[in-house]
Amino acid sequence: MAIFSVYVVNKAGGLIYQLDHYAPRADTEKTFSFPLDLVLRPHDERVVVAFGQRDGIRVGHAVLAINGAEVNGRFTADGKDVLEFLGNPANYPVSIRFGRHRLSSNEKLMLASMFHSLFAIGSQLSPEVGSSGIEMLETDTFKLHCFQTLTGIKFVVLADPRQAGIDSLLRKIYEIYSDYALKNPFYSLEMPIRCELFDQNLKLALEVAEKAGPFGPGS
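Residues numbered from 1 in each chain as written. Predicted model: local features only at pLDDT ≥ 70, side-chain atom pairs only at ≥ 80, totals over all residues. Heavy atoms only, no water.

J.: Just checking my understanding: could you explain the environment of Val39 for this structure?
T.: Looking at the element boundaries, Val39 is found in strand β4 (residues 39-43). Judged by its relative accessible area of 30%, Val39 is partly exposed. The spatial distance from the C-alpha of Val39 to the C-alpha of Arg100 is 16 Å, given a sequence separation of 61 residues. Among all residues touching Val39, those that are not within four sequence positions of it are Val48, Val49, Ala50 and Phe51. (Helix = DSSP H or I, 4+ residues; strand = E, 2+ residues; numbered from the N terminus. Buried < 20%, exposed > 50% of the residue type's maximum accessible area, 1.4 Å probe, protein only. Contact = heavy atoms within 4.5 Å.)

Okay, here's the thing in structure tokens:
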């Protein structure tokens, strides 16, 4: 079982805290000869696989590194265009590492804002008055769980679909937020959370949840 990440979103839809707790390693590195038997295309400032799958490399995977050096979007570590580099037979054989693109800080901010809007839409679509909004979204690889407080703060956890005790964990995170963020004299409401004690206790709570499931009394 695993808990992948935690997001805290303020009542205006701004991301004020984010933690990547566990990221499954799905990178694949292979050595290729010319011509490359995968079709690559630029997409959102990165180079991704558009056609062809082999050895764990899937359509949508991005080029993460070439010859052991991390790429920077569509450019190699030394500033060369990735597609031009891979189109030159003189650069082969070449080692390429593919994998899922890591979300940037700006992308996380945008996604948090989008979820805030979806949450509001969910509340408005409800045939009953006083709907709580979206509490869970489920896919084949993860579940998104959300708990909104009376003051509008949203705690969002992404976890393995088989992970138990997430409802208890969400309330535990709210307790940690109340104890180590709200009671911090240097913290301002609705602003990003930068508190070492909050970080430490949150990570501990995630580890306990992964190992033991629901939280018991006094935990």
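J.: Got a minute to help me understand the pairing of strand β10 (residues 143-148) in this structure?
T.: Here is the key point about a regular strand: its side chains alternate between the two faces of the sheet. Of all six residues that make up β10, five are buried, and the element is covered over most of its length. Of the strand pairs in this sheet, strand β9 (residues 136-138) and β10 are connected by three bridges, and their pairing is antiparallel. Opposite Leu137, over in β10, you have Leu144 as the bridge partner. Here β9 hands over to β10 after four residues, the two strands then running antiparallel side by side. When β10 meets strand β11 (residues 154-159), the two strands line up antiparallel, connected through six bridges. Within β11, the position partnered with Lys143 by the bridge is Ala159. The antiparallel pairing of β10 with β11 creates a hairpin that spans five residues between the two strands, and Gly152 there sits at a positive phi of about 95°. (Pairing = 2+ DSSP bridges.)

J.: Sorry if this is basic, but what is going on with the nonpolar core here?
T.: Within soluble globular proteins, side chains that are nonpolar tend to cluster in buried spots. Ranked by internal contacts, the top residues of the largest apolar core, which has 26 residues, are Val157, Leu169 and Ile193. Of all the secondary structure elements, the ones that give two or more residues to this core are β1 (3-9), β2 (15-20), β11, α3 (166-182) and α4 (196-212). Residues within four places of Val157 in sequence aside, it is in contact with Ile3, Ser5, Val6, Lys143, Leu144, His145, Ile166, Leu169, Leu170 and Ile173. Judged by nonpolar contacts, the second largest core, of 17 residues, contains Leu36, Ile66, Phe85 and Ile96. (Core = buried A, V, L, I, M, F, W, Y, C linked by side-chain atoms within 4.5 Å.)

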